[in-house]
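Residue-level structural notes
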Amino acid sequence: MNTGAEGFLERYEGLAGRLPGDSAMRAAAADAFRLAGLPGGTQKRRIEAWKYTSLRPVAEAVFRRDSYPRHEAETILAGLSLLDSPRAVFVDGVFRADVSGGLAGGFARFADQPDFGTLSWPDREPMVALNTMLAADGAAFHVHAGHDGGVVQLVSIMAGESDAHPRHSVRLDAGASLTLVEISAGQGAYLLNTVAELHLAPGARLTHIRLQDEAATAFHVSTTYADIGAGAIYDSFTLTLGGRLSRTEVHAHLTGAGATAHLNAAQLLGGSQHADFTSVVGHTAPGCSSRQTVKTVLAGRSRGVFQGKIAVARDAQKTDGYQMNQALLLSPDAEIDSKPELEIFADDVKCSHGATVGALDAEQLFYLRSRGIPDAEARAILVRAFLAEALDAVANETIRGRLETAVAHWWMRQAA
Amino acid sequence: MAAVTETLDTVQSVTQSGYKWGFETKIEMDFAPKGLNEDIIRLISARKEEPAWMLDWRLKAYAAWLKMEEPDWARVDHPPIDYQDLHYYAAPKKKPGPKSLDEVDPELLKMYEKLGIPLKERAILAGVDPDTVENTQIAVDAVFDSVSVATTFQATLRKAGVIFCPISEAVREHPDLVRQYIGTVVPVADNYFAALNSAVFTDGSFVFIPKGVRCPMELSTYFRINARNTGQFERTLIIAEAGSHVSYLEGCTAPQRDENQLHAAVVELVAMDDARIKYSTVQNWYPGDANGKGGIYNFVTKRGACRGARSQISWTQVETGSAITWKYPSCVLLGEDSVGEFYSVAVTNNHQQADTGTKMIHIGKGSRSTIIAKGISAGQSSNTYRGLVRMLPGATNARNFTQCDSLLIGDRCGAHTVPYIESRNPTAKVEHEATTSKLADDQLFYCRQRGLSEEDAVSLLVNGFCKDVLKQLPMEFAVEAQKLLAVSLEGSVG
């Protein structure tokens, strides 16, 4: 059996005609993927967008297609301490009605109603091409005009050495609102390669919280496209804790006047983890604002990557764009690579970014120690304070509480 | 306040929009045939009477270049360059190697006079007591197309132990020094344009400051492209031995032409223990006309190696010319507590494209770097800051501060910032900040209300925006740079 790009292409050819949805779109994506290959894998030319992250380990991995004992997934699910609200659970990329619940009429499966949407760029993003080629299932949420969809959880459990390519979508009509909590976890050396499309009609509001807590041996790639209409608000926060190699990529397009995007994130890495947070905020309409705070804490031999671009088109006058990206290196073997980028074609704008890299402040540590706080605890306090700016942006207290617990667990794992 | 008055005077003195350095000097030229191959490289090497090792070095670079691809990562856009359609060697026809200024073609001297470059030592000193101006003298090396035509003050410098001469002369007169250092900072196959330069470079300056010597005057090279269909490929090598100091200035212009001309230079700096090199550039190659026709393609590799402890290299650049600028003056901070600095103003107007910035590679303990970059875009131009700060595992307690500000004048231009920050040492501290904004309406209004014309007001505000960089320039150049800023932005408002 072939590995890497050839392996995926063989699988696609073997499945020909049996995958749901537009087969022409899949064929075009397969052509794009054949041409591009896996970034860092078999390609000849370096792609600037993948400068700091190579998917060579993904290209070399063998993903099994056999199923795993059902109870393992259930054990993982039970350990997630989910919120008491509707949930759509996907196991190995396939929807599982038996462990999902509370879903109202606005939910549909990609397997039943396949729709690839209009926002993604399989021809530009190799991993989106791979997803488009092999996507078999996914969740679609639709909230009607003026309605509040409440809090919905989208859970992914991976429990074998397999790969999955879920295709999700969220459609909020004018004035609708939804809080989507996305959680991914699992065990084994698997690949989860998600694509999500988010459509926010004028005045809509989507709060999007993501907790990536994959297995330490797993690969996680997710690409999100958001189209944010006039006056709509896309408020997102991503906490990355797990995975051997992960990449979270967001393309947020502010397409209606006065739209707002918040793309906050925190990455906490240890061991030999590699995590990449890449975002593009496209200001195409006038009077929009974007805010972004990304914090990375690195322990062990981990490597963190941040690439954040704010692109302002000619017509996007009165744009207000701000981005802050900070990294804390806790170990001499950790590495951070950061590339904040401004691309500006309009003159009446206010755009800025800042980036800092450094260790824990020795003076702050000394201050706490001199107050009788033990070293480990003092460090924990300072790391927590470092993360606060990003975490505090999560308005929902229950959810923020869960995220803080996850951070505390991560810290305990590092200290142990 | 003097600077402001100066700026206003300049704006008034420049009547019609234009590039006043755009004239062409009619002079008999000696050209190599068009095209690039091993024979042309042999011809250049022969004309320069180079030793065999230099020719081998060039051929090695050429072989490397043939295998390389032209880079396409910069945010610049131009039709493909036909490297076979250029003359790689052009020199004024004259007996080779003028022995003194009296032998230099008077047409050439007239040109440099027009440019305001005081070549004739006598002219500078006329009517002035030599003793009182001793400290403000500037030694000039003038490079015309492919050859250095004159270098002034050589005798005075020699007395101090300083070597300042055309690099072609250094290859003949000081082969060991050149051989020891050339290509050690920018290797022959460093990048496409550096490899091309290494194969065909024709002239440039060589500076050697011996141990403990503070160079008695500012050194300066003036580059001039004159001939049609030529490329200029100069190479500069500056070596500052332990404890020495030198300040070096570089200026450039070219005639106004409809076709594009290629300029691919390489500059290498080496600073040993406690040495300091200050390298200032006022780049004013012909930028092309208002419709983007003509202009120089400026693809330059500049890099300094701070090899010694406490060594310091400071780059200051004012980039107003060229149709395309592709230039990243960098510092490799090897020495403990070494210091790298980059101060830049890049102005683009009409259809100019600039992709410029710096690289600070921190290797040594306690190394420090500062980057201040100001970009101003007007017209339909594109202005990109691209920079890298890299902290390697050995760079304990290293420090970087970066500030990039962009100013947009008009809604048809682009301003971009692409910094790369890489750190592999937790004790290293990196700070980066960038802003983009337009000229503030309230500031413009304030100036206008005080009776300044719109153009004067813009010029004043732009000079204020660039002040942090301009103040780094030696005085004579600061004045020239302010004038250039005003001229470059002409017609960008109103």
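Parameters at a glance
- Residues numbered from 1 in each chain as written.
- Chains lettered and ligands numbered in written order.
- Predicted model: local features only at pLDDT ≥ 70, side-chain atom pairs only at ≥ 80, totals over all residues.
- Helix = DSSP H or I, 4+ residues; strand = E, 2+ residues; numbered from the N terminus.
- Rg over C-alpha atoms; globule rule 2.2 N^0.38 Å.
- Buried ≥ 20, exposed ≤ 12 C-beta atoms within 10 Å, placed from the backbone.
- Contact = placed C-beta atoms within 7 Å.
- Nonpolar A, V, L, I, M, F, W, Y, C, P; charged D, E, K, R; others polar.
- Pairing = 2+ DSSP bridges.
- Core = buried A, V, L, I, M, F, W, Y, C linked by C-beta atoms within 7 Å.
- Arc of directions from axis to C-beta.
- Axes fitted to C-alpha atoms, helices over the stretch in contact; angles between N-to-C directions.
- Parallel < 35°, antiparallel > 145°, perpendicular 65-115°, else oblique.
- Left-handed = near helix turned anticlockwise from the far one by under 90°.
- pLDDT = per-residue confidence, 0-100.

1. Concerning the overall build of chain A
When you go through chain A residue by residue, the secondary structure sums to eight helices and 20 strands. Taking 416 residues into account, the globule formula puts the C-alpha radius of gyration at 22 Å, and chain A, at 21 Å, falls close to it. With respect to the principal axes defined by its C-alpha atoms, chain A has extents near 70 × 50 × 50 Å. The buried share among the 416 residues of chain A stands at 54%.

2. Concerning the overall build of chain B
Counting secondary structure elements, chain B contains 14 helices and 25 strands. Looking at chain B residue by residue over its 494 residues, the buried ones come to 55%. Within chain B, residue pairs in contact and separated by at least 24 positions form 84% of the contacts whose partners lie at least 6 positions apart.

3. Looking at the interface of chain B and chain A
By a frequent convention, interface size equals the accessible area lost on bringing the separate parts together. The interface is formed by 28 residues belonging to chain B together with 32 residues belonging to chain A. The set of elements that each furnish at least two residues to the side of chain B that touches chain A consists of strand S24 (414–423) and strand S25 (429–438) of chain B. Across the side of chain B that touches chain A, the residue classes tally to ten nonpolar, eleven polar and seven charged. As defined by bridge partners, strand S20 (residues 350–358) of chain A adjoins S25(B) across seven bridges and the pair is classed as antiparallel. Bridge pairing in S25(B) links Val357(A) to Val430(B).

4. Section: the nonpolar core
By size, the foremost hydrophobic cluster in this structure holds 251 residues, and its most contacted members are Leu200(A), Val207(B), Ala240(B) and Leu269(B). Considering every element that reaches this core, the biggest residue donor is helix H14 (residues 475–488) of chain B, with seven residues. Residues contacting Val207(B), with those up to four places away along its chain left out, are Ile163(B), Phe164(B), Leu219(B), Ile238(B), Ile239(B), Val246(B) and Tyr248(B).

5. What about the pairing of strand S12 (residues 266–271) of chain B?
Every regular strand shows the same layout, with side chains that alternate between the two sheet faces. All names here are of chain B. In terms of burial, S12 is largely enclosed, as six of its six residues are buried. Burial along S12 is two-sided: the residues Val266, Glu268 and Val270 and Val267, Leu269 and Ala271 are all buried. Note: strand S9 (residues 235–240) against S12, six bridges, orientation parallel. Its bridge partner being in S12, Thr236 is matched across the sheet by Val267. When S12 meets strand S14 (residues 295–306), the two strands line up parallel, connected through six bridges. Bridging from a neighbouring strand, Leu269 pairs with Gly304 of S14.

6. Thoughts on the environment of Gly358(A)
Residue and element names in this part refer to chain A. On the secondary structure map, Gly358 appears in strand S20. The class of Gly358 is buried, set by 20 C-beta atoms lying within 10 Å. On a C-alpha basis, the gap between Gly358 and Gly138 in space is 40 Å, while along the polypeptide they are 220 residues apart.

7. Here's the deal with helix H2 (residues 38–47) of chain B
An α-helix turns once per 3.6 residues; consequently, residues spaced three or four apart project the same way. Residues and elements named next belong to chain B. Within the sequence span of H2, burial applies to Ile40, Ile41, Ile44 and Ser45. Taken around the axis of H2, the buried residues stretch over an arc of 135 degrees, which confines them to a single face. For H2, the exposed residues set more than 90 degrees away from the buried face come down to Asp39 and Ala46. Structurally, H2 contributes buried residues whose contacts are with helix H3 (52–67) and helix H10 (192–200).

8. Description of the environment of Ile344(A)
Relative to the helices and strands, Ile344(A) is located in strand S19 (residues 335–344). Setting aside chain neighbours within four positions, we find Ile344(A) in contact with Val312(A), Val349(A), Cys351(A), Leu408(B), Gly414(B), Ala415(B), His416(B) and Thr436(B).

9. Examining the pairing of strand S4 (residues 139–143) of chain A
Residue and element names in this part refer to chain A. Where burial is concerned, most of S4 is hidden: four out of the five residues are buried. Note: strand S3 (residues 107–109) against S4, three bridges, orientation antiparallel. Following the sheet pairing, Ala108 is matched in S4 by Ala140. Looking at chain direction, S4 and strand S7 (residues 167–172) are connected through four bridges and run parallel. Looking at the pairing, Ala140 lines up with Ser169 of S7.

10. Describing unusual backbone geometry
Residues and elements named next belong to chain B. Look at Asp337: it is not a glycine, yet its phi comes out positive at around 55 degrees. The residue Asp337 is located in the loop between strand S17 (330–333) and strand S18 (339–348) in this model. Positive phi is not limited to glycine here, since Asn397 has a value of about 60 degrees. For Asn397, the position within the fold is in the loop between strand S22 (382–391) and strand S23 (399–409).

11. Some points on the packing of helix H6 (residues 362–370) of chain A against helix H7 (residues 375–391) of chain A
All names here are of chain A. The interhelical angle for the contact between H6 and H7, taken along N-to-C directions, is 130 degrees, at an axis separation of 9 Å. By the angle class used here, H6 and H7 are oblique. As H6 packs across H7, the resulting crossing turns out to be right-handed. Facing Gln364, Leu365, Leu368 and Arg369 of H6, the residues of H7 in contact are Asp375, Ala378, Ile381 and Leu382. Class assignment for the residues of the contact of H6 with H7 results in five nonpolar, one polar and two charged.

12. Looking at the packing of helix H1 (residues 4–14) of chain A against helix H5 (residues 126–134) of chain A
In helix packing, the relevant descriptors are the interaxial angle and the interaxial distance, both defined with respect to the helix axes. Residues and elements named next belong to chain A. Their axes nearest at 10 Å, the elements H1 and H5 cross at an angle of 25 degrees. Between H1 and H5, the angle is such that the two are roughly parallel. Relative to H5, the crossing made by H1 is left-handed. Taken together, the residues of H5 that come into contact with H1 (itself represented by Phe8, Arg11 and Tyr12) are Leu130, Met133 and Leu134. In the contact of H1 with H5, the residues fall into five nonpolar, no polar and one charged.

13. Topic: the confidence of the model for chain B
Residue and element names in this part refer to chain B. With 81% of its residues at a pLDDT of 70 or more, chain B shows a mean pLDDT of 83. For residues 1–17, every residue scores under 50 in pLDDT, and the model assigns this stretch 21 contacts once sequence neighbours within four places are set aside. Below a pLDDT of 50 lies the segment residues 120–136, which in the model reaches nine contacts outside its immediate sequence neighbourhood of four places, other chains included. Both scores are given for the predicted complex: the pTM is 0.88, the ipTM 0.89.

14. Notes on the environment of Arg386(B)
Residues and elements named next belong to chain B. In this structure, Arg386 sits in strand S22. Residue classification places Arg386 among the buried residues on the basis of 24 C-beta atoms within 10 Å. As for Arg386 and Gln180, which are separated by 206 residues in sequence, their C-alpha atoms are 31 Å apart. For Arg386, the contacting residues outside a window of four places in its chain are Tyr328, Asp355, Gly357 and Val418.

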